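So you can see what is in the structure, the chains are spelled out below.
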Amino acid sequence: MTGTVLDTGVLARFVYTEAELLDERRLEEWTALFAEDALYWLPMNSRQADPGDGLNLVLDDLPRLRDRVARLTSGLAFSEEPHSRTSHLIGSVRVLDRAEAGPIVAGLPVADEEYVVTARCVVGRNRRGRTDTFHARVAWILRPTAESFEIVLKRVDLLNAADPLPVLTFLI
Amino acid sequence: MLNVDQLVREDAVHRDVYRDPAVFELEMTRIFKRTWVFLAHESEVAAPGDYVTRTVGREPVVLVRGEDDVLRAVVNRCAHRAALVCEHEAGNAKSFRCQYHGWTYRNDGRLVGVPHPERQTADVRERLGLTTVPRVETYRGLVFGSFNPDVPDLAEYLGPAARGYIDRFLDHCVGLPLTAHPQAHRITMSANWKLQLENGLDGYHAGFTHRSFFDVMRRRTGASVRYASGLPTATARAFRNGHTAIDPETTSRKPLIQRVSTLPGAAARLDTLRQRVGADRFEEYVGGVTGAGINVGIFPNLQLIGIHVRRIEPVSVDRTVVSVRPLMAVDAPPELNWLRLRYHELFYGPAGFGQPDDFEMFDRVAEGLAGTEDDWLRFERGRGEESEADDGETTLGNVTDEIPQRGQYRQWRALVGEETA
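Residues numbered from 1 in each chain as written. Chains lettered and ligands numbered in written order. Predicted model: local features only at pLDDT ≥ 70, side-chain atom pairs only at ≥ 80, totals over all residues. Heavy atoms only, no water.

Draft legend 1. Geometry of the overall build of chain A. Across its full length, chain A holds four helices and six strands. Along the first, second and third principal axes, the C-alpha atoms of chain A reach 45 × 35 × 30 Å. The contacts of chain A with a sequence gap of at least 6 include a subset with a gap of at least 24, amounting to 63%. Summed over its atoms, the accessible surface of chain A is roughly 7,400 Å², and 50% of this surface lies on carbon and sulfur atoms. Across chain A, the 20 positively charged side chains and the 26 negatively charged ones have centroids separated by 7 Å. (Helix = DSSP H or I, 4+ residues; strand = E, 2+ residues; numbered from the N terminus. Contact = heavy atoms within 4.5 Å. Areas by Shrake-Rupley, 256 points an atom, 1.4 Å probe, with all protein chains shown as cover. Lys, Arg positive; Asp, Glu negative; His and termini not counted. Charge placed at Lys NZ, Arg CZ, Asp CG, Glu CD.)

What follows is the structure in structure tokens.
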């Protein structure tokens, strides 16, 4: 890790807040956390290092992520109408050094001042009388800004990403 | 005994067809054990020893290329005590060993190893083996299997009209041969498999179910894509044996090409592609990203849509898995295949902008079917207005007509209504 050595707690608080915005469905504020060059990425293979290398569940740049949110809030994205309610529980937050981060973000440039953070995440999703649980490793590349951080990458590796999956149109 | 004439009329299908476990049992025997069932694209099993595990109805099978280069399908079940002999979705193996008691089979199904054979009769290895699916045939790289030794040849089963549409689909990418991507999106549904059968060839639903997708695309490209249902030239077709197509017959791919420019990372790749293939052929190549623009249905479990091969896997009367596997162009500029994958991800898969809304409708149909006040699902659009093509095997009409569904259920009734020999 180059740049300023930072208390893991500062980064952890940021990712907790990110999840809270999703769970409270404050989606405009959530989208605003992402950098202009951001990627929101759900691969199907946890060993995939380059987002373009395989078939993904989601690979959004910022314009596409805005499309996704616009669609989900249009009232016409029927698989989210009525919409899912989620509850994110985040644990094992770690700031990785470049060597450890390599296999997760090798396909992406990471600037010296940026941090690679991973966590384990349990997401409950309730919709139409049913609650499902999803488990994931989440990785972020976070870029310091004047006030806080912006998200350069949010990568979600679902534990069951390679299995047949139910519809996953909610934001995770 | 079920009376299929009371379950499937020419223009309506009874709710029991989607809900009754006894109907599902009959389908497994009289459809999936009797006719051709799609298994894989041959590129998934390209080299000797390559295998994939699949199902024919509920029968677990391994499709494997033998050392003699012959494609075989064997039932994935040890002849001894019924354990699976192959646990992986795909791989390469000269033999399969049951891990329960160690019985070993060559990949052509022959039993070659039985631990402690002195306690078995001497002929055990000749007498037992993996059950072989009696027929495996291929058309244009699409591999089908049948448990019915007397099924007509695959080419005859498909017929010239459906073969023509398969050809058109497989030739959609600047004439380059296509190969299966090693990964597929697989989506589960808590509903009967025939909802996907109907929906994949439904030219009526897109403007409604997928309106949010078209809205996003209109906002991004500034262009409104008239979906097939808005085109007077677009047709819905039924061929022999329950095979079907919907065909927009539009000459303009321009709106679809505009969609490609919205894909993440597209700008730089489109520039590179233009330099690589030249300005003259650039538009044709970008057109190759978006697929043939037709939907082709091969009864009962194969659909060719977008750039993917869709396989319907019935699990039980109210559970289904749908697999959508993209096809990649062989010896193509890397940007072309990169864009094809991104284009596929845009609409399809569990988190795409389109396919999940179809699955939501399947759930809603399944819930609506719980009620008994009305027993019927109606497939009467355009009935009596169909025309017959000169080829003698094509019924066609407006793309929103339920011609494909009526064709599918005619075949369903022919198979399910008749005792298996």
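There is more to say, and it comes next.
Draft legend 2. Spatial organisation of the interface of chain A and chain B. Taken together, the contact pairs 35 residues of chain A with 43 residues of chain B. In total, chain A and chain B occlude about 3,100 Å² of area from one another, counting both sides; carbon and sulfur atoms represent 54% of this. On the chain A side of the contact with chain B, Leu55, Arg64 and Arg71 of chain A bury the most area, a combined 24% of that side's loss. The tally of links from chain A across to chain B stands at five salt bridges. Our count for the chain A to chain B interface comes out at 19 residue pairs in polar contact (both at pLDDT 80 or more). Residue classes in the side of chain A that touches chain B are distributed as 17 nonpolar, seven polar and eleven charged. (Buried area = accessible area lost by both parts, 1.4 Å probe. Salt bridge = Lys/Arg side-chain N within 4 Å of Asp/Glu carboxyl O. Polar contact = N/O pair within 3.5 Å; in protein donor to acceptor, adjacent residues only side chain to side chain. Nonpolar A, V, L, I, M, F, W, Y, C, P; charged D, E, K, R; others polar.)

Draft legend 3. Layout of the packing of helix 3 (residues 62-72) of chain A against helix 8 (residues 211-221) of chain B. Closest axis-to-axis distance for the helix 3 of chain A/helix 8 of chain B pair is 10 Å, and the angle between their directions is 140°. The angle between the axes of helix 3 of chain A and helix 8 of chain B places the two elements in the oblique class. Between helix 3 of chain A and helix 8 of chain B lies a crossing whose hand is right-handed. Where helix 3 of chain A approaches helix 8 of chain B, its residues Pro63, Arg64, Asp67, Ala70 and Arg71 of chain A are matched on the opposing element by Ser212, Phe213, Val216, Met217, Arg219 and Arg220 of chain B. In terms of residue class, the contact of helix 3 of chain A with helix 8 of chain B is built from five nonpolar, one polar and five charged. (Axes fitted to C-alpha atoms, helices over the stretch in contact; angles between N-to-C directions. Parallel < 35°, antiparallel > 145°, perpendicular 65-115°, else oblique. Left-handed = near helix turned anticlockwise from the far one by under 90°.)

Draft legend 4. Seen up close, the pairing of strand 16 (residues 295-298) of chain B. All names here are of chain B. Alternating residues of strand 16 divide into Asn295 and Gly297 and Val296 and Ile298, and every residue in both groups is buried. Sheet topology places strand 15 (residues 244-247) next to strand 16; three bridges connect them, and they run antiparallel. Counted as the bridge partner of Ala245 is Val296 from strand 16. When strand 16 meets strand 17 (residues 302-305), the two strands line up antiparallel, connected through three bridges. Within strand 17, the residue paired with Val296 across the bridge is Leu304. Here strand 16 folds back onto strand 17, and the loop between the two strands holds three residues. (Buried < 20%, exposed > 50% of the residue type's maximum accessible area, 1.4 Å probe, protein only. Pairing = 2+ DSSP bridges.)

Draft legend 5. Structural context of the domain arrangement of chain B. Residues and elements named next belong to chain B. Once the domains are mapped, chain B shows domain 1 (40-138) and domain 2 (174-416). Computed from C-alpha coordinates alone, the two centres of domain 1 and domain 2 are separated by 34 Å. Listed by partner, the interface residues are eight residues for domain 1 and ten residues for domain 2. Between domain 1 and domain 2 lies a buried interface of about 660 Å² when both sides are counted; carbon and sulfur atoms form 44% of it. (Domains from an automatic or database assignment.)

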